[in-house]
Amino acid sequence: MAELYELSMLLGDLEEQLVTCMRCGMCQAVCPLYAETGRETDVARGKIVLLEHLSRELLKEPEAVKQRLENCLLCGSCAAACPSGVKVLDLFLKARAIINGYLGLPPAKKAVFRQIMTRPALFNRLISIASRFQGVFTRPAGEILGASCARFESALLQDRHFMPLARIPWHAKMPETDEPAGPDKTKVAFYPGCLVDKVFPDVAKSSFKALRHHGVKIYMPANQACCGIPALSSGDRKAFMQMVRCNLELFADKDFQYLLTPCATCTATIKEIWPMMGQYFPPEEQEKITALAAKTMDITQFIADKYVLQRKYDDSVDKGGVKVTYHDPCHLKKSLNVHVQPRTLIRVNPAYTFVEMDEADRCCGMGGSFGLQHYDLSKKVGNRKRQNIYQSGAEVVSTACPACMLQLIDLLSQSHAGIRVKHAVQIYAQGLG
Ligand code: SF4
Ligand code: SF4
């Protein structure tokens, strides 16, 4: 009964927002998925039409509705281009919660989200066991990028080149820390996010190196939970809320000025999606969410704005360094308008020469679980990114999101292009000596 009430609440909430769409079709021109499929149902406008009849469609063809809603990278390109300010991601995430609330989640997904990912200590232990045995199922796929591929035929892995789990994740390399604020009182909380912690711990190491170089004191508690976006984008609002609560316990009442993350997706989730879902939490938790969201910042933004002088760069001068280009993560540029700062961190390293690629802010095609479920389409979207990287002549492609790093590594490792992938904070830290 309570679930039905919650569903009707969500439906009512959606209806209020749907009326703002004026059907102009501007979203069609920028949708990376539509560019590949040419299907109106893949565009924001097409999905909004579907949502207007959601309660009727839910009764008629629930599975078809679910599929159409899940055919989306959640890249936010449509929202960024929409002249009416339709909160497209807000609509889609809430609609996914409705449909999955109605249909129920597949049992395996439900178990992973609710029994494992909401218990960070258990999640860490299981990932650590998996990292020891991953070699049974995977094999190296090339030295330059360090990717692996499936040893046996696998429907999930297909012909992907993916980064193996780190032998030692960041939380094991760096135990929890709570340094007293220094003379200039700058103290931050560090939230690596699951992918940096478990797959790219070197990004966290570089973040610490850069923060310590600038005398910033760090609070990093053990047993941090996922930011919740994998659960919410799969429609599991309950698991999402539990993950948010785990993190509120660790961060909400602590004394620090900023919560920094090197993951664009985590930053956008904590800053925008948590407050967007705030209405489902009791008022005291809503307050904590709002306060934490206001303190949350991408690490490249924090370092560049606070410690690196913004100056004009003349990229037409070839400084003879390693050629590097930059891919804008959708969740950083389109959601948070952060795009100058990561480029600044790259440009201040004299060992690199920055070259801009065409369509740097076009989605790479990863889209979180979209890439898992629709790998062929994800690769098609990614091919355009790969071509733009090739044409830039870069030897390194940098970005500021570990999920984009995974996709870029897959695209570039499969073509044996010899192009490396680095986070902007890695390039910056490398320049600090
Ligand atoms: S751009 Fe915005 S207003 Fe125009 S059709 Fe798309 S969602 Fe609707
Ligand atoms: S979020 Fe991205 S993929 Fe989804 S409809 Fe909007 S532009 Fe298309």
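Coordinates for the structure precede this section.
In every chain, residue numbers begin from 1 and rise along the written sequence. Each chain gets a letter, beginning with A, and each ligand a number, beginning with 1, in the order they are written. For a predicted model such as this one, the threshold for reporting local features is a pLDDT of at least 70, and the threshold for listing and counting side-chain atom pairs is 80 or more; totals across whole chains, interfaces and linings nevertheless cover every residue. Excluded from the side-chain calculations are hydrogens and water; all other atoms, namely the structure's heavy atoms, are used.

Caption draft 1: Looking closely at the environment of Thr177. Secondary structure elements are defined from DSSP: runs of H or I of at least 4 residues count as helices, runs of E of at least 2 residues count as strands, and each element is numbered from the N terminus. With respect to the helices and strands, the residue Thr177 is situated in strand S3 (residues 177-178). By relative accessible area, Thr177 is classed as buried at 15%. For the pair formed by Thr177 and Ala222, sequence separation is 45 residues and the distance between their alpha carbons is 8.3 Å. By definition, residues are in contact when any of their heavy atoms lie within 4.5 Å. Excluding its chain neighbours within four sequence positions, the residues that come into contact with Thr177 are Phe208, Ile218, Tyr219 and Met220. Here the term buried applies to any residue with accessible area under 20% of the maximum for its type, exposed to any over 50%, and partly exposed to those in between, with areas from a 1.4 Å probe on protein chains only.

Caption draft 2: The arrangement of the pairing of strand S6 (residues 258-261) in detail. Bridge analysis of strand S4 (residues 187-190) against S6 gives 3 bridges, and the strand direction is parallel. Bridging from a neighbouring strand, Phe190 pairs with Leu260 of S6. Only when DSSP finds a minimum of two bridges between them are two strands counted as paired. Across 3 bridges, the pairing between S6 and strand S7 (residues 296-298) is parallel. Along S7, the bridge assignment pairs Leu260 with Met297.

Caption draft 3: Molecular detail of the environment of Val19. Along the chain, Val19 turns up in the loop between helix H1 (2-18) and helix H2 (26-30). On the basis of relative accessibility, which here comes to 66%, the residue Val19 falls in the exposed class. Residues Val19 and Ile48, 29 residues apart in the sequence, show an inter-C-alpha distance of 9.3 Å.

Caption draft 4: Focus on unusual backbone geometry. Even without glycine at this site, Arg23 takes up a positive phi of about 65°. Looking at the secondary structure, you find Arg23 in the loop between H1 and H2. Residue class for Arg23 comes out partly exposed when judged on its relative accessible area of 32%. The backbone phi angle of Asn223 is positive, close to 55°, even though this residue is not glycine. Relative to the helices and strands, Asn223 resides in the loop between strand S5 (217-220) and helix H14 (229-233).

Caption draft 5: Layout of the packing of aromatic side chains. Two rings from Phe, Tyr or Trp (for Trp, the six-membered ring) form a pair when their centres sit within 6.5 Å of each other. Planes less than 30 degrees apart are called stacked, planes more than 60 degrees apart edge-to-face, and all others tilted. As enumerated under the stated definition, the model contains 8 aromatic pairs in all. Ring plane angle 20° and centroid distance 6.2 Å describe the contact between Tyr219 and Phe256, whose orientation is recorded as stacked. Highlighted residues: Tyr219 in strand S5 and Phe256 in the loop between helix H15 (237-251) and S6, separated in sequence by 37 residues. Following the ring pairs from residue to residue traces out a cluster consisting of Tyr191, Tyr219, Phe251 and Phe256. By the criterion adopted, a ring carries a charge over it if an Arg CZ or a Lys NZ lies within 6 Å of its centre and within 35 degrees of its normal. Here Arg237 stacks its cationic end above the ring of Tyr280, 4.6 Å away from the centre of that ring.

Caption draft 6: Broad picture of the site of ligand 2. Close to ligand 2 lie Cys31, Pro32, Asp42, Ala44, Cys72, Leu73, Leu74, Cys75, Gly76, Ser77, Cys78 and Phe92. When residues are sorted by character, Ala, Val, Leu, Ile, Met, Phe, Trp, Tyr, Cys and Pro go into the nonpolar class, Asp, Glu, Lys and Arg into the charged class, and all the rest, Gly among them, into the polar class. When the residues that make up the shell around ligand 2 are grouped by side-chain class, the tally is 9 nonpolar, 2 polar and 1 charged. Throughout, the term near means that a residue has one or more heavy atoms lying within 4 Å of the molecule or strand in question.

Caption draft 7: Structural detail: the site of ligand 1. Around ligand 1, the surrounding shell holds 13 residues, and the nearest of these are Cys21, Cys24, Gly25, Cys27 and Cys82. At the level of secondary structure, the elements contributing two or more residues to the shell around ligand 1 comprise H2 and helix H4 (44-52). Here the residues of the shell around ligand 1 sort into 9 nonpolar, 2 polar and 2 charged.

Caption draft 8: Representation of H15 within the structure. Multiplying 1.5 Å by the residue count of a helix minus one yields the expected span of that helix. Here H15 spans 21 Å end to end across 15 residues, near enough to the 21 Å set by a 1.5 Å rise per residue. Regarding H15, the residues found buried are Arg237, Ala239, Phe240, Met241, Met243, Val244, Asn247, Leu248, Leu250 and Phe251. What qualifies as a polar contact is a pair of N or O atoms within 3.5 Å, subject to a donor-acceptor requirement within protein and to the restriction that residues adjacent in sequence count only when both atoms come from side chains. A distance of 3.4 Å separates the backbone nitrogen of Lys238 from a side-chain oxygen at the start of H15, and that oxygen is part of Asp236.

Caption draft 9: Region of interest: the pattern of salt bridges. By definition, a salt bridge exists where a carboxyl oxygen of Asp or Glu is found within 4 Å of a side-chain nitrogen of Lys or Arg. Summed over all chains, the structure comprises 16 salt bridges. Among the ionic pairs, Arg23 bridges to Glu52, the shortest N-O distance being 2.6 Å. Taken as a pair, Arg23 in the loop between H1 and H2 and Glu52 in helix H4 lie far apart in primary sequence, 29 residues in all. Its relative accessible area of 35% is what places Glu52 among the partly exposed residues. Two residues, Asp42 and Arg39, come together in a salt bridge whose shortest N-O distance is 3.0 Å. Classification of Asp42 as buried rests on a relative accessible area of 4%. We classify Arg39 as partly exposed; its relative accessible area is 36%. Here the salt bridges do not stand alone but share partners, grouping Asp328, Arg343 and Glu356 into one network.

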